[in-house]
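# Architecture and fold: a report
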Amino acid sequence: MDNLLIKEAPSMSTLIKDDYGEGLKRFPGYFGGLIDDYERRLPHYLSDLTMAWSRKTLSAALMMFLATFCSTVALGAAIERHTHHSIGTSEYLLMNGIAGIVYSIVGCQPMLILRPTGPITLILSQLFTLSIACEVDFFALVAWSGIGIGLWMFAITAIEFSRHVAMLSCFAHDVFAVFVSSIYVVDGVSGTIERFNTPFASKAVFAFIITVFLIAVAASFSALRYTKSLFPKTVRYLLADYALGIATAAATILSYSYGTAVDVERIEIANTNKWFEFISAKPTLWGRDWMVPVMSSHNAFFAALLGLAVSLPITVFFYFDQNLSSLLCQTKEVGLTKGSYYHSSFGLMGVFNLIGPLFGLPFVTGSLPHSPQMVKALTHDMKTSGKPLVSENRVAPFLMYSGILLSYLAFSGIIETIPVAATDAVLIFVGIEGIIDTRLWQRISVLVTPDSEMSPDIQFPNAARKFTLLQLAVLAAGWGLNMTPFGLAFPVVIACLVPIRAYVLPALFTNFELAILDGEGIQLADEVKKEADVEEIDHDHLHVGWSGAVTPLTPHSTKLNSDANYYPSE
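First things first, this report covers the structure right here in the doc. (Residues numbered from 1 in each chain as written. Predicted model: local features only at pLDDT ≥ 70, side-chain atom pairs only at ≥ 80, totals over all residues. Heavy atoms only, no water.)

The next thing to look at is the overall build of the protein. Helix and strand content of the protein: 24 helices and 4 strands. Going through the 570 residues of the protein one by one, you find that 58% of them count as buried. In the protein, once contacts between residues fewer than 6 apart in sequence are set aside, the share between residues at least 24 apart is 80%. About 24,200 Å² of surface is accessible on the protein, with carbon and sulfur atoms providing 67% of the total. (Helix = DSSP H or I, 4+ residues; strand = E, 2+ residues; numbered from the N terminus. Buried < 20%, exposed > 50% of the residue type's maximum accessible area, 1.4 Å probe, protein only. Contact = heavy atoms within 4.5 Å. Areas by Shrake-Rupley, 256 points an atom, 1.4 Å probe, with all protein chains shown as cover.)

Have a look at this one:
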């Protein structure tokens, strides 16, 4: 029996595999994964259009338009504040709309939502600070960074390096999700606090009321999803889906309640023509041409060296951000029938991030939580005969991105009615929602709960506290580095999640504890224990690998096995 059940754990080199499953394979030569993605997706292209004839298409497009539009406008207002009006909502909406439309047409996984995200806003803020410190042109620095990022992303696509995202466990996913979500919260809170540094107390107080009001309305409507005492289920879910849009509209109405008695700061769009005319699109910075003079800007050579240097840590972050977004909208649980695609999506992001900054536009990457939300929005309530669970199509994202672009080109006057205080509230609400949706947040109460009052679901209180504190320590390290002059190196902390999971966690926890804390929870742990009991093997000799799959190890083995893929649940 020992020969059948106990095998030596592989070395770290064997963890880096050539095949983790569909869409996560290494091919001979270069760009084989990119080619494979398109060879697998092209036969489905016609059905990507015909499957749009579903009641889900229009509702998903509208719901995701409101969610993405509100967040993009909020981030645009935040970056305009951080960069002293150098870049703002105009660039964010343009890049979101143009890149998204192109991706929805040519991308292999059109339901992946791309946009300028909270981390991108943080990165651009740091690049602006760096440009001032080094006396180089901000737009030239961003453009050269984009050139470097594009080249690095092409190289990663060429060797199918995105396949290694399958090695990430719940430990890494939760830390990353909380870090990204906390960026939104920090941006929103800092914007709210900054208003009280002005001598206009009434203006700051009223803005604070607008912020709190929007958060309260959005939270109330969002909570309808979890109550059964009000309205039929269909109505409750409909109101919850549009919670952010409803709250933004309500906050905008509230902002006009005092007329001209209180001055309200509103979104500003650099667009002199309020009707549809593409030529009227103008940069936020007055007098700037769209094309960035990368070769003739101030200290152009130094800007090029600096931009290419910082492109590496930024690419490291994009690697995790983009591939985790792809992973979470293509999990096995969501029931997609047309395959999984990673390399082509990553390569296209490289194209967008190379070209966009040359025109002073922001970077883009896959968005959390919007990517899984799009798939969920296109998911039918139940399977019906002859129909797939998800209406996988290109039309819904195309309509969503078109709405974002059209809102800027044709209806910028409406956008300018939104108070800036409402955008801060949107950032805070989106960030808090992202944080509370993680297992880290759900487990954080163990730090202050006595063992006698602990939930029966927490089988190992001390291990849970230690695991949670370790995750919080990694988060603190990321934010600590971000607040130093070397803030652009914070992706290094994110990259360390892989070796921490490989070497640190197995040294601090038993395999059975990891099955609960970093696997699929209680059910998986029961299966581990059951298998251990049946096979008469002590559970301390069983190891749960990257995927949560149980692999028996020798008593002297401490390294991980990666015999199965890991697909973290949403």
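Once that is clear, we can look at helix 10 (residues 201-223). Compared with the 33 Å implied by 1.5 Å per residue over 23 residues, the 33 Å span of helix 10 between its first and last C-alpha is a close match. Residues of helix 10 that are buried include every one of Ala204, Phe206, Ala207, Ile210, Thr211, Leu214, Val217, Ala218 and Ser222, and no others. (Expected span 1.5 Å × (residues − 1).)

The geometry of helix 7 (residues 118-134) relative to helix 9 (residues 170-194) is characterised by a closest axis approach of 8 Å and an angle of 65° between their N-to-C directions. Crossing of helix 7 over helix 9 shows left-handed handedness. Each of Gly118, Pro119, Thr121 and Leu122 in helix 7 lies in contact with helix 9, whose residues at this interface are Val180, Ile183, Tyr184 and Asp187. Residues belonging to the contact of helix 7 with helix 9 are distributed by class as follows: 5 nonpolar, 2 polar and 1 charged. (Axes fitted to C-alpha atoms, helices over the stretch in contact; angles between N-to-C directions. Left-handed = near helix turned anticlockwise from the far one by under 90°. Nonpolar A, V, L, I, M, F, W, Y, C, P; charged D, E, K, R; others polar.)

Attention shifts here to the pattern of salt bridges. Counted under the stated rule, the structure contains 15 salt bridges. A salt bridge links Arg41 to Asp48; the shortest N-O distance between them is 2.9 Å. The exposure classification of Arg41 matches that of Asp48, with both residues buried. For Glu194, the salt bridge identified is with Arg81, shortest N-O distance 3.6 Å. Of this pair, Glu194 sits in helix 9 while Arg81 is found in helix 5 (residues 55-82), placing the two residues 113 residues apart along the sequence. Each of Glu22, Asp36, Asp37 and Arg40 takes part in one network of salt bridges that share partners. (Salt bridge = Lys/Arg side-chain N within 4 Å of Asp/Glu carboxyl O.)

It is worth spelling out the layout of surface pockets at this point. If you add up the space inside the second largest pocket, you get close to 570 Å³. Leu122, Ser125, Gln126, Thr129 and Asn482 are, among the 22 residues lining the second largest pocket, the residues nearest its centre. Counting only elements with at least two residues in the lining of the second largest pocket, the list comes to helix 7, helix 9, helix 13 (300-328) and helix 20 (461-482). No other element matches helix 7, which puts 6 residues into the lining of the second largest pocket. Its residues assigned to classes, the lining of the second largest pocket comprises 13 nonpolar, 8 polar and 1 charged. (1 Å grid on protein atoms, 1.4 Å probe; cavity = no way out; pocket = protein on both sides within 12 Å on 5 of 7 lines; lining within 4 Å. Points joined across faces, edges and corners; volume = space filled by probe spheres on them.)

Counting through the fold element by element, Glu160 comes out in the loop between helix 8 (138-158) and helix 9. Within the structure, the side chain of Glu160 is placed 2.9 Å from the backbone nitrogen of Gly33, a separation counted as a polar contact. Beyond its immediate stretch of four places on either side in the chain, Glu160 contacts Lys25, Arg26, Phe27, Phe31, Gly32, Gly33 and His343. (Polar contact = N/O pair within 3.5 Å; in protein donor to acceptor, adjacent residues only side chain to side chain.)

Turning our eyes to something else, we now look at the packing of helix 3 (residues 32-41) against helix 14 (residues 343-355). For the pair helix 3 and helix 14, interaxial distance at closest approach is 8 Å and the crossing angle is 110°. The angle between helix 3 and helix 14 falls in the class roughly perpendicular. Viewed along their axes, helix 3 and helix 14 form a crossing whose handedness is left-handed. Contacts between helix 3 and helix 14 involve Gly33, Leu34, Asp37 and Tyr38 from the former and His343, Ser344 and Leu348 from the latter. Across the contact of helix 3 with helix 14, the residue classes tally to 3 nonpolar, 3 polar and 1 charged. (Parallel < 35°, antiparallel > 145°, perpendicular 65-115°, else oblique.)

Together, Leu58, Ile98, Val102, Ile105, Val106, Phe398 and Leu399 give the surface a local cluster of nonpolar side chains, amounting to about 550 Å² of exposed area. For the nonpolar patch, the element with the highest residue contribution is helix 6 (residues 89-106), accounting for 4 residues. Assignment of secondary structure puts Ile105 in helix 6. A relative accessible area of 38% places Ile105 in the partly exposed class. (Patch = residues over 30% accessible without salt bridge, like charges linked within 9 Å, V, L, I, M, F, W, Y side chains within 5 Å.)

Below, the discussion takes up the environment of Asp321. Note on placement: Asp321 falls in helix 13. In this view, Asp321 contacts Thr117, Pro119, Phe176, Thr365 and Gly366; residues no more than four positions away in its chain are not counted.

Moving on: the environment of Ile314. With respect to the element layout, Ile314 can be found in helix 13. Residue Ile314 is classed as buried on the basis of its relative accessible area of 1%. As a C-alpha pair, Ile314 and Gly148 span 166 residues in sequence and 9.5 Å in three-dimensional space. Apart from the residues within four sequence positions on either side, Ile314 is in contact with Ile123, Leu127, Ile149 and Leu488.

With respect to the helices and strands, the residue Ile432 is situated in helix 18 (residues 420-436). Judged by its relative accessible area of 40%, Ile432 is partly exposed. Each C-alpha atom, one on Ile432 and one on Tyr184, is 8.3 Å from the other, the two residues being 248 residues apart in sequence.

Before going further, it helps to spend a moment on the packing of aromatic side chains. Inspection of every chain in the model, using the stated rule, returns 16 aromatic pairs. Ring centres of Phe179 and Phe490 lie 5.4 Å apart, and the angle between their planes is 35°; on these two criteria the pair is classed as tilted. Highlighted residues: Phe179 in helix 9 and Phe490 in the loop between helix 20 and helix 21 (491-495), separated in sequence by 311 residues. Put simply, the rings of Phe176, Phe179, Phe317, Trp479 and Phe490 touch in pairs and so form one group of aromatic residues. The lysine or arginine in question, Lys233, covers the ring of Tyr237, its NZ or CZ lying 5.5 Å from the ring centre. (Phe/Tyr/Trp six-rings, centres within 6.5 Å; stacked < 30°, edge-to-face > 60°. Lys NZ or Arg CZ within 6 Å of the ring centre and 35° of its normal.)

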